[in-house]
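Examination of the molecular architecture
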Amino acid sequence: MNHRQVDPESGEGRVGDVDVVIAGGGPAGCAVAAALAELGLSVLLVDAGVDRHKQLAGELLHPTGVRDLRALGFGDVVDAWQSQPVRGFAVRFQAPARTLILPYGSGVTGLSLDHATLTNSLLESVARRPGVTLLGRARVTAVEHNDARGVRLRFSQQGIEHTLHARLLVAADGRASPVRRMLGIAEHHARISTMLGVTVDSACLTHPGHGHQFVGGPLHVLAYAIQPGVARVMVDLPLGSTAQTLKGHPELLHTLPSGLKAEVWRALEEGPAPRMASNDDWLAETVWVESAVLVGDAAACCHPLTASGMASCFHDARALQEALRRHPGPVHRALEHYARERRPAQRTRVALASALYSAFARHDEGMRALRQGLLHYWEHSPRGARASMALLSSEEPRMRVMTREYLRVVGHALIAMLSPQAQAGRLRSAAPLLRASGPPLRDAVASAVEQMGSWLHRRVRRPVYRLARAGWASPRRAFASSR
Ligand SMILES: Cc1cc2nc3c(=O)[nH]c(=O)nc-3n(C[C@H](O)[C@H](O)[C@H](O)COP(=O)(O)OP(=O)(O)OC[C@H]3O[C@@H](n4cnc5c(N)ncnc54)[C@H](O)[C@@H]3O)c2cc1C
């Protein structure tokens, strides 16, 4: 596979064919490379090489993600990290001022560490695997042809363009995925907010060993330790904000405990320039087309408050591996299987991030009431707190469980309104609360309908279609298969 030749006249390169080309060497690309090399496939990992030290991105990994990384053979990398253990989330509400712990299930821990260390060590490790060839500082520039037999694509490295044929192309090139566009896959994109990140002394975090969420104040804030003595603080600002926005309005940090507030302020005044990122929803209309497939953020990306992005990348890698193991024949069978298997969990993850962001950060009457419901629910139900954390960490992927938990929170919000401590007139919030519950419940119904459709397709339509092709049933009654 390392056989690369450059035509002296055209200056173009030709690379020996491979089974799989992966565009992007981030968490998703590394995990997929490991998963597919384990199946005995030859893998070319093409990575543009963004500077991870400048990025504000994934640093907290839930237990599901740790488990999947170990299953993909990265156990030695995980053990070598100087990561910080994470036992769950500590959610601090502003009014009334109270902190509630959402623990993971018993005996499991997540971890957190600096993004560059995490991603670079995965890339170095996977590049050493038999069957994997890493092309660093290289970029996929065009998909020239894509059909059921494979893809022909172009990539550039050091100013030289190469062409290459592969049986499968995996787009793991992040949320703005240029390869997704080259494949002509439609996308839904919505910008949500701007994230500002600084590092502070981790001694000012009130609940060591937990991811901290500060909710209900002027700004939503996330914080967790990323190495001994150092914590990352991420402040969710309105779209288009800069560090100056925060410096000009110190009252926006009013949600934070005084020690943490002073540390963030010190970092803004004296520390290196804060890291910035935009928080976006990017959802691909389909995750596969012919012999190409999307994984990780290229397939779906949502607001990072649930810290589920990397766990989702590793889950995608395992799902793709399993699909190719089950369907070693034509690639489209495996990709169809992959798309079907990952979709319910993705729908739940994206819907949850959206519902939770509204509940944590919005200030309308309905969302204020919902926050009271969350506080009341978690305070009165340890089981509810664990169930919420299972959903947050993608341990629990079922939409109907999310719907059930959401309805319980709404019920607790109504109970909180009726309590003797509730302020006079609180009951007026009931109508906005019920109206705000509409979108999450609509998502749940849409998901249930889609799953029924998918079940119908597998159990009824596809067998009828096959019979029709074999001449056993009337073609008119057969249904075309769909993606
Ligand atoms: C502010 C913020 C905080 C976050 N916090 C968390 C968290 O705590 N926990 C968590 O799990 N997730 C978190 N996430 C999400 C997490 O960072 C992403 O889910 C994860 O990085 C996605 O990995 P990926 O491999 O799909 O994409 P990326 O990490 O974006 O990697 C894409 C790779 O593709 C390469 N590339 C791009 N174009 C090309 C091309 N044409 N050819 C070849 N290579 C190309 C790039 O160089 C890059 O290496 C956070 C995200 C943000 C924005």
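Here is what the cut-offs are and how they apply
Residues numbered from 1 in each chain as written. Predicted model: local features only at pLDDT ≥ 70, side-chain atom pairs only at ≥ 80, totals over all residues. Heavy atoms only, no water. Helix = DSSP H or I, 4+ residues; strand = E, 2+ residues; numbered from the N terminus. Buried < 20%, exposed > 50% of the residue type's maximum accessible area, 1.4 Å probe, protein only. Contact = heavy atoms within 4.5 Å. Areas by Shrake-Rupley, 256 points an atom, 1.4 Å probe, with all protein chains shown as cover. Salt bridge = Lys/Arg side-chain N within 4 Å of Asp/Glu carboxyl O. Near = heavy atom within 4 Å. Polar contact = N/O pair within 3.5 Å; in protein donor to acceptor, adjacent residues only side chain to side chain.

A word on the overall build of the chain. Within the chain, the secondary structure is distributed over 13 helices and 21 strands. Buried positions account for 53% of the 483 residues belonging to the chain. Within the chain, residue pairs in contact and separated by at least 24 positions form 70% of the contacts whose partners lie at least 6 positions apart. When the accessible area of the chain is evaluated, it comes to approximately 21,500 Å², of which 53% is carbon and sulfur surface.

Our focus in this paragraph is the pattern of salt bridges. Taken as a whole and assessed by the stated rule, the structure comprises 21 salt bridges. A salt bridge links Glu395 to Arg67, with the shortest nitrogen-to-oxygen separation between them at 3.4 Å. Separated by 328 residues along the polypeptide, Glu395 in the loop between helix H10 (382-392) and helix H11 (399-418) and Arg67 in helix H2 (residues 63-80) bring together distant segments of the chain. Using a relative accessible area of 38% as the deciding quantity, one classes Glu395 as partly exposed. The salt bridge involving Arg342 is made with Asp316; its shortest N-O contact spans 2.9 Å. With a gap of 26 residues between them, Arg342 in helix H8 (residues 331-361) and Asp316 in helix H7 (residues 309-326) connect regions that are remote in the sequence. Arg342 gets classed as buried once you look at its relative accessible area, which sits at 4%. With relative accessibility at 0%, the residue Asp316 sits in the buried group. Salt bridges sharing partners connect three or more residues here, namely Glu144, Arg152, Arg154 and Glu161.

We now examine the site of the ligand. Around the ligand lies a shell of 35 residues, among which Asp47, Gly58, Leu60, Asp297 and Met310 are the nearest. Val50 places a main-chain nitrogen or oxygen 3.4 Å from an oxygen atom of the ligand. Within the backbone of Ala307, a nitrogen or oxygen atom sits 3.3 Å from an oxygen atom of the ligand. Within the complex, the protein chains bury 93% of what would otherwise be the 1,000 Å² of accessible surface of the ligand.

Geometric descriptors of this kind do not, in isolation, establish any biological role.
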